[in-house]
Amino acid sequence: MTRTNAQIHEMKHAYRDVALPNKKCGCDQLDKDIEDDTSGDFKRLLVSAGQGNRKEIAEDKILAAVEDVKIDGKPTGQFRINFEKLVDFELCKCEAEALYKAGEDKWGTDEKEFNRIFSFYDFYTLKVIYDEYVKISQRDILNSIDRETSGNFKKGLRAIVENIRCRPMYFAHKLKDAITGLGTDDDTLIRIIVSRPECRPWTNYSICTCNLHIQLSYIYLLTGVY
């Protein structure tokens, strides 16, 4: 849910060798295993994410949209992204309306429409869609997800939203859950520590530098443990 298209394709290649090291199999082995081990809307969400076909914005375009935050004409050392340089706001309004009609505005929920929008658009566009959704529905998108979906499908949608809003905070919560309470979830702890000390500052959508130090700082704020 939080990886780039290139990372997903690399992972699928590696998974083939790990899952069946002594047997020749195609790069679709991960898709087959997802379909065998999951079901329903959650399966469709994972399969969609596993295709590695999400829209992405070129890095040079993202860099061109990063602007200094100034006060009284003086730079503050902080930065923000000018979303008007990256995102089609009219499209975002239309898709926010589609989300509203697929959930809060009807009896029952059109999970396929949620899956389509959450799995297809780049994260910058999704962030604006969520902002426009609040204006239309008078509800935060996370609130609507909780009301309109359930189970692992709900967890998957929430993971996408939380990751887009602040990736360090999302993983800090995961680390907090792994280390607090009785025992430690070693697998989750090791996976996050090993795989998340990277990420360029402009690739986090709240303009926080996504690295291990900031994740640990968030944990300290959440738990008092460092």
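For every chain, the first residue of its written sequence is number 1, and the numbers climb from 1 along that sequence. Given that this is a predicted model, residues contribute local features only at a pLDDT of at least 70 and side-chain atom pairs are listed and counted only at 80 or more, while totals for whole chains, interfaces and linings are drawn from all residues. No hydrogens and no water enter the side-chain calculation; it runs on all heavy atoms of the structure.

Enquirer: Outline the pairing of strand β2 (residues 74-81), supporting the account with residue identities and numerical values.
Expert: Two strands pair under a simple rule: DSSP has to find at least two bridges between them. What counts as a helix is a DSSP run of H or I of at least four residues, what counts as a strand is a run of E of at least two, and both are numbered from the N terminus. Two strands pair when backbone bridges link them, and strand β1 (residues 66-71) and β2 are joined in this way by five bridges, in the antiparallel orientation. Note on β2: the bridge partner recorded for Lys70 is Pro75. In this antiparallel pair of consecutive strands, β1 and β2, the connection spans two residues, and Asp72 shows a positive phi of 55°.

Enquirer: Can you explain the packing of helix α1 (residues 5-19) against helix α2 (residues 29-37)? Please cite residues and give values.
Expert: At a minimum axis distance of 8 Å, the contact between α1 and α2 shows a crossing angle of 80°. In this view, α1 runs roughly perpendicular relative to α2, as classed from their interaxial angle. Along the contact surface, α1 presents Met11, Lys12 and Tyr15, while α2 presents Gln29, Leu30, Asp31 and Asp33. In the contact of α1 with α2, the residues fall into three nonpolar, one polar and three charged. For every element, the axis is a line fit to its C-alpha atoms; helices are fit only across the contacting stretch, and the angle between N-to-C directions ranges from 0 to 180 degrees. Orientation is classified from the angle alone, with under 35 degrees giving roughly parallel, over 145 giving roughly antiparallel, 65 to 115 giving roughly perpendicular, and any other angle giving oblique. Contact criterion: two residues are considered in contact whenever any of their non-hydrogen atoms come within 4.5 Å of each other. Gly is placed with the polar residues, together with every amino acid not listed as nonpolar (Ala, Val, Leu, Ile, Met, Phe, Trp, Tyr, Cys and Pro) or charged (Asp, Glu, Lys and Arg).

Enquirer: Describe the nonpolar core, listing the residues and the values that go with them.
Expert: Put simply, buried Ala, Val, Leu, Ile, Met, Phe, Trp, Tyr and Cys residues joined by side-chain atoms within 4.5 Å make one nonpolar core. Exposure categories follow from relative accessible area, calculated using a 1.4 Å probe and restricted to protein chains: below 20% of the type maximum is buried, above 50% is exposed, and the middle band is partly exposed. Leu99, Phe118, Tyr124, Leu126, Ile129, Tyr130 and Ile141 are the most contacted members of the largest nonpolar core, which has 34 residues in total. When residues of this core are traced back to their parent elements, those giving at least two are α3 (40-50), α4 (59-65), α5 (89-102), α6 (111-120), α7 (123-137), α8 (141-148) and α9 (151-165). When residues in this core are grouped by element, the largest group, seven residues, is from α7. The contacts of Tyr130, once residues within four sequence positions are left out, are Phe118, Ile141, Ile160, Val161, Ile164 and Arg165. Counting five residues, the second-largest nonpolar core is a separate cluster that includes Ala159, Tyr170, Phe171 and Ile192.

Enquirer: Describe the packing of aromatic side chains, and please don't skip the residues or the numbers.
Expert: Any two of the Phe, Tyr and Trp rings considered here, Trp counted by its six-membered ring, make a pair once their centres fall within 6.5 Å; the pair's planes then place it as stacked at under 30 degrees, edge-to-face at over 60, or tilted in between. Following the criterion strictly, the structure yields five aromatic pairs and no others. Here the aromatic rings of Phe114 and Phe118 are separated by 6.1 Å at their centres, their planes lie at 25°, and the arrangement is stacked. Of this pair, Phe114 and Phe118 both sit in helix α6, separated by four residues, roughly a single helical turn. The two residues Phe114 and Phe118 agree in class, both being buried. Considering the side-chain rings of Phe118 and Tyr130, the 5.5 Å spacing of their centres and the 40° angle between planes classify their relative orientation as tilted. Of this pair, Phe118 sits in helix α6 while Tyr130 sits in helix α7; the two residues are twelve residues apart in sequence, bridging distant segments of the chain. Like Tyr130, Phe118 is buried. Clustering of aromatic rings is evident, with ring pairs tying together Phe114, Phe118 and Tyr130.

Enquirer: Could you give an account of the layout of surface pockets, naming the residues involved and the relevant values?
Expert: A volume near 910 Å³ is recorded for the largest pocket. The wall of the largest pocket is formed by 29 residues, among which Met1, Thr2, Leu46, Tyr170 and Arg191 lie closest to the centre. Counting only elements with at least two residues in the lining of the largest pocket, the list comes to α1, α2, α3, α9, α10 (167-179) and α11 (186-195). Among the elements that take part in the lining of the largest pocket, α9 stands out by supplying six residues, more than any other. Residues belonging to the lining of the largest pocket are distributed by class as follows: 13 nonpolar, eight polar and eight charged. Put simply, the grid is 1 Å and covers the protein atoms alone, a cavity is a trapped set of points that fit a 1.4 Å probe, a pocket is an open set with protein on both sides within 12 Å along at least five of seven lines, and lining residues have an atom within 4 Å of a point. Grid points are joined across faces, edges and corners, and a volume is the space filled by probe spheres set on the points.

Enquirer: Account for the confidence of the model for the protein chain, naming residues and giving values.
Expert: Confidence of the prediction at every residue is given by pLDDT, a number between 0 and 100. Residues with a pLDDT of 70 or more make up 85% of the protein chain, whose mean pLDDT is 85. Mean pLDDT per element in the protein chain: helix α12 (residues 212-223) is the minimum at 54, and α5 is the maximum at 97. Per-residue pLDDT stays below 50 along residues 200-210; that stretch engages in 41 contacts with residues further than four places along the chain or on separate chains.

Enquirer: With reference to specific residues and values, describe the pattern of salt bridges.
Expert: Between Lys or Arg on one side and Asp or Glu on the other, a salt bridge is scored when a side-chain nitrogen of the former is within 4 Å of a carboxyl oxygen of the latter. Throughout the structure, instances matching the rule amount to 16 salt bridges. In this structure, Glu113 and Arg116 form a salt bridge, with 2.9 Å as the shortest nitrogen-oxygen distance. With a gap of three residues between them, Glu113 and Arg116 both fall in helix α6, about one helical turn apart. According to the relative accessible area criterion, Arg116 is partly exposed, its value standing at 33%.

Enquirer: Let's hear about α8: which residues, and what values?
Expert: The complete set of buried residues in α8 reads Ile141, Leu142, Ser144, Ile145 and Glu148. The arc that holds every buried residue of α8, seen down its axis, measures 160°, which confines them to one face. Its buried side turned inward, α8 meets α5, α6, α7 and α9. Definition of a polar contact: a pair of N or O atoms within 3.5 Å, with one able to donate and the other able to accept a hydrogen when the atoms are protein atoms, and with sequence-neighbouring residues admitted only if both atoms are side-chain atoms. At the N-terminal boundary of α8, the capping side chain belongs to Asp140, with an oxygen 3.0 Å from the backbone nitrogen of Leu142. This arc describes the spread of directions from the helix axis toward the C-beta atoms.

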